[in-house]
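Descriptive analysis of the structure
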Amino acid sequence: MTLAAKIADRTALIGVIGLGYVGLPLVHRFWEVGFKVLGFDTDPVKVERLNRGESYIKHIPSARVAEMVTGSNPRFAATSDMARLGEPDCLLICVPTPLTPSREPDLRFVENTTRDIAKTLRPGQLVSLESTTYPGTTEEVLLPLLSARLTVGQDFFLVFSPEREDPGNPTYEVKNIPKVVGGVTPACLELGVALYQSVVEKVVPVSSTRAAEMSKLLENIYRAVNIALVNELKILCLRMGLDIFEVIEASRTKPFGFQAFYPGPGLGGHCIPIDPFYLTWKARQYDLSTRFIELAGEVNSSMPYFVVQRVAEALNEVGKPLKGAKILVLGIAYKRDIDDNRESPGVKIMDLLMGKGARVSYNDPHISHCRGMRHFPHIDMASVPLTAEVLKEADCVLLTTDHQAYDYPWIASQARLIVDTRNAFKGLTGAPVYLA
């Protein structure tokens, strides 16, 4: 039976490599429409938990995982055995693409995964890279590793289809987020489109993998640049005695030509703080400096430092030095109502405050423990309970993530001083509030 026929009648075995915030929702969607799915991850703890029917991602309930593994129609299992990569008919690569300390692409996870696939690659398999990367990665990195024994477009098929996962978004999920697909050859594109059409309402084919790779970067650079703009305007408005949030709300009443973006303490998550630098690195190979993108990165990277400065200024107003001050940080997830603190500005701000001698604690209803990750390995603390006593003891309460679980009027009534990076305390009575 051909791969196209297997996809059409849902008998193709789907392999998802990387079972995190991108991979696990894909697993569920393919399972949901009737495919069997084999998940791969190098973390044996994740694999063990999934095979027990447990989830480690807040917006994916354990009951959903248990149904896939042990329910009435179990069609999912997880493994850390990469020797089994030859079993699936379609392999979806959802591994991290971070930056090196010098802000250059770190493709070691993609490369290692591709080498593992190459060891077992067999005729009839489709490989799809979903990890965000620079234009040319699929053809320049994956293709040479995979085509040593087999011919692309004839023996095996290779596509790039960028992930568009938005954790915690109740409106958009895998099935109703349009999927961009680019293939190395026309035959690759045809099968890639067929695969994703089986699980996604709308598939958008493009002329090449490079076009698909660039489209993902454009999406994220668009956001990064506009967020940098409003972050810079926030600083100017504070100096001018204006409310940037009032200005944005007034501007967004224009029914055309304007989309509202909002300032904050910096950028977080795996995509927006990282992906633009994949393109700036690639552009240098074409003797081009992407100054606009780099400037936006500089503005957004500077925001945690600005927040710390505002905390120091707010404390100074009440005669308290930053050194030795007790700072309670509210929210260290990189955005509202999720349990993910990758690249979170809140963690960066905690690190900066501790470096200034402040005594820092945090509360986050979605993240019970913060271990700082690769950038801040020295940070290891648990979320403190949000009680009236904790709020009153803090010299300053710093809101970095505006979770809906927070009772903002109550917090304002109990705190002594608030620095607000999200405009969540606007119009509330109680503690003095400083925007940052």
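Just above, that's the structure.
Residues numbered from 1 in each chain as written. Predicted model: local features only at pLDDT ≥ 70, side-chain atom pairs only at ≥ 80, totals over all residues. Heavy atoms only, no water.

1. Looking at the sheet that holds strand β2 (residues 36-40)
Pairing within the open sheet is mixed, and its 8 strands lie in the order β3-β2-β1-β4-β5-β6-β7-β8. Pairing within the sheet leaves two strands with one partner each, and these edge strands are β3 (76-79) and β8 (203-206). Across the sheet, the mean angle separating the axes of adjacent strands is 25 degrees when strand polarity is ignored. Here helix α5 (residues 108-120) sits on the sheet in contact with β1 (13-17), β4 (90-93) and β5 (126-129), set at roughly 165 degrees to β4. (Pairing = 2+ DSSP bridges. Helix = DSSP H or I, 4+ residues; strand = E, 2+ residues; numbered from the N terminus. Axes fitted to C-alpha atoms, helices over the stretch in contact; angles between N-to-C directions. Contact = heavy atoms within 4.5 Å.)

2. Quick word on the nonpolar core
Of all hydrophobic cores here, the largest spans 83 residues; its most connected members are I14, F30, I117, L146, L158 and L195. Among the elements that take part in this core, helix α7 (residues 186-197) stands out by supplying 6 residues, more than any other. Discounting chain neighbours no more than four positions away, the residues touching I117 are I17, L85, L91, I93, V127 and L146. Among the nonpolar cores identified, the runner-up in size contains 31 residues, and V329, Y334, L352 and A436 belong to it. (Core = buried A, V, L, I, M, F, W, Y, C linked by side-chain atoms within 4.5 Å. Buried < 20%, exposed > 50% of the residue type's maximum accessible area, 1.4 Å probe, protein only.)

3. Here's the deal with the pattern of salt bridges
Overall, the coordinates contain 24 salt bridges when judged by the stated rule. Taking the shortest distance from any N to any O, the salt bridge between R336 and D402 comes out at 2.7 Å. Pair noted here: R336 is in the loop between β9 (326-330) and α12 (345-355) and D402 is in the loop between β13 (396-399) and α14 (408-414), with a separation of 66 residues, a long-range link. Among the residues examined, R336 registers a relative accessible area of 42% and is labelled partly exposed. Members of the salt-bridge network, linked through shared partners, are E48, R49, R52 and E54. (Salt bridge = Lys/Arg side-chain N within 4 Å of Asp/Glu carboxyl O.)

4. Describing a nonpolar patch on the surface
Side chains of L229, L233, L236, M240, L242 and V247 sit close together on the surface and give an oily, nonpolar patch of about 510 Å² of accessible area. The element best represented in the nonpolar patch is helix α8 (residues 209-240), accounting for 4 residues. With respect to the helices and strands, the residue V247 is situated in helix α9 (residues 244-251). (Patch = residues over 30% accessible without salt bridge, like charges linked within 9 Å, V, L, I, M, F, W, Y side chains within 5 Å. Areas by Shrake-Rupley, 256 points an atom, 1.4 Å probe, with all protein chains shown as cover.)

5. Description of the pairing of β5
Residues of β5 alternate between two faces, with L126 and S128 on one and V127 and L129 on the opposite face, all of them buried. Here β4 runs beside β5; their pairing, made up of 4 bridges, is parallel. Paired with C90 across the bridge in β5 is L126. As for the winding sense of the linkage, the β-α-β connection from β4 through α5 to β5 is right-handed. As judged from the 4 bridges shared by β5 and strand β6 (residues 157-160), these two strands associate in the parallel manner. Looking at the pairing, V127 lines up with L158 of β6. Running through helix α6 (residues 137-146), the crossover from β5 to the neighbouring parallel element β6 is right-handed. (Right-handed = clockwise from strand over helix to strand, strands pointing away.)

6. Structural notes on the packing of aromatic side chains
The tally for this structure, following the rule as stated, stands at 5 aromatic pairs. Arranged with centres 4.9 Å apart and planes meeting at 50 degrees, the rings of Y134 and W281 form a pair that is tilted. Of this pair, Y134 sits in the loop between β5 and α6 while W281 is found in helix α10 (residues 275-284), placing the two residues 147 residues apart along the sequence. You can call Y134 buried: its relative accessible area is 6%. When the ring of Y408 is compared with that of F425, the centres are 5.3 Å apart and the planes differ by 85 degrees; the resulting orientation is edge-to-face. Residue Y408 is located in helix α14, and its partner F425 is located in the loop between β14 (418-420) and β15 (433-435); the two are separated by 17 residues in the primary sequence. Each member of the pair, Y408 as well as F425, is classed as buried. Among the aromatic residues, ring-to-ring pairing joins Y406, Y408 and F425 into one connected group. Over the ring of Y196 we find K179, and its NZ or CZ is 4.5 Å from the ring centre. (Phe/Tyr/Trp six-rings, centres within 6.5 Å; stacked < 30°, edge-to-face > 60°. Lys NZ or Arg CZ within 6 Å of the ring centre and 35° of its normal.)

7. What to know about the sheet that holds β14
Taken in spatial order, the 5 strands of this open sheet run β10-β9-β13-β14-β15, and their pairing is parallel. Bordering the open sheet on either side are β10 (359-363) and β15, each of which pairs with just one other strand. The sheet shows a mean angle of 25 degrees between the axes of neighbouring strands, direction not considered. In this structure, β13 lies alongside β14, joined through 3 bridges in parallel fashion. Paired with V397 across the bridge in β14 is I418. Relative to the sheet, α12 contacts β9, β10 and β13, its axis offset from that of β10 by approximately 160 degrees.

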